[in-house]
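Structure assessment
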Amino acid sequence: MMSKARFYRSAGFTLIELMTTIAVAAVLMVIAAPSFVSFQRNSELTSLTNTLLASINAARGAAMKEGTFAMVVPKDGSNWSSGWIVFVDKDLDQGFDASKDEVILEQSAPSSYITVSATGAAAGGSPYIMYNASGYSRLKSGGFGALTFSIARNDVSSTEAADQTRRIVVAASGRTRSCRPSLDSTCTASATN
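Residues numbered from 1 in each chain as written. Predicted model: local features only at pLDDT ≥ 70, side-chain atom pairs only at ≥ 80, totals over all residues. Heavy atoms only, no water.

Some words on the packing of aromatic side chains
For any two aromatic rings, the description comes down to two numbers: the centre-to-centre distance and the angle of the planes. Summed over the entire model, instances satisfying the criterion amount to three aromatic pairs. When the ring of Trp80 is compared with that of Phe149, the centres are 4.9 Å apart and the planes differ by 85°; the resulting orientation is edge-to-face. Of this pair, Trp80 sits in the loop between β1 (70-74) and β2 (84-88) while Phe149 sits in strand β7 (residues 147-153), and the two are 69 residues apart along the sequence. Side by side, Trp80 and Phe149 carry an identical accessibility label, which is buried. Note on Phe87 and Phe96: the rings are 5.0 Å apart at their centroids and 55° apart in plane angle, and the pair reads as tilted. Taking the relative accessible area as the measure of exposure, Phe87 reaches 0% and is therefore buried. (Phe/Tyr/Trp six-rings, centres within 6.5 Å; stacked < 30°, edge-to-face > 60°. Helix = DSSP H or I, 4+ residues; strand = E, 2+ residues; numbered from the N terminus. Buried < 20%, exposed > 50% of the residue type's maximum accessible area, 1.4 Å probe, protein only.)

Spelled out as structure tokens, the structure:
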């Protein structure tokens, strides 16, 4: 049988044990916090990149399925950071008309600290991505069009900017890929990819 004194001594923590545990936990939190912020930033960029990539692929798939042109355009008509609309161009006017075209999906604007920019046909005053029925990336003026999207955080220092940038490269053949310029030397902002 256990004595009373021994029972009370093993029933809880001493103040020294509790303080040691809190000190160890505090040290672990100081070490883990910066890694968590980096993880969160990478996760946000990767999520938005994958969402835009899926939207572009949805336009390509819809164009091939419907046998006509499908497009991705900015919601406000000029800035990708406003979000985007994927639609099948039913009236073949190479522009979005909500009453005539079939909307595949709409994406709301990303957070204000993320900037989406592009090159090629996806840049300029009236940016777009257009696919024909064969799944090729086309230009409104005819021919094939390669382009590149850059998705970057604008709330980081210049030393972190390269690591906090993602790109989506759309080849003239319509094939898409995402990449990180800080890890992939072929991941350029050039529209000739």
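Overview of the nonpolar core
Within the largest apolar cluster, 24 residues are counted, with the highest numbers of intra-cluster contacts made by Leu52, Ile56, Trp80, Ile129, Phe149, Ile151 and Ile168. Mapped by element, the contributors of at least two residues to this core are α2 (15-66), β1, β2, β4 (114-118), β5 (129-131), β7 and β8 (165-170). Top contributing element to this core by residue count: α2, with eight residues. Ignoring sequence-local partners within four residues, the contact set of Ile129 consists of Ile56, Ala70, Met71, Val72, Trp80, Ala122, Leu147 and Phe149. Counting residues in each nonpolar core, the second largest holds seven residues, with Met71, Ile85, Phe87 and Tyr128 among its members. (Core = buried A, V, L, I, M, F, W, Y, C linked by side-chain atoms within 4.5 Å. Contact = heavy atoms within 4.5 Å.)

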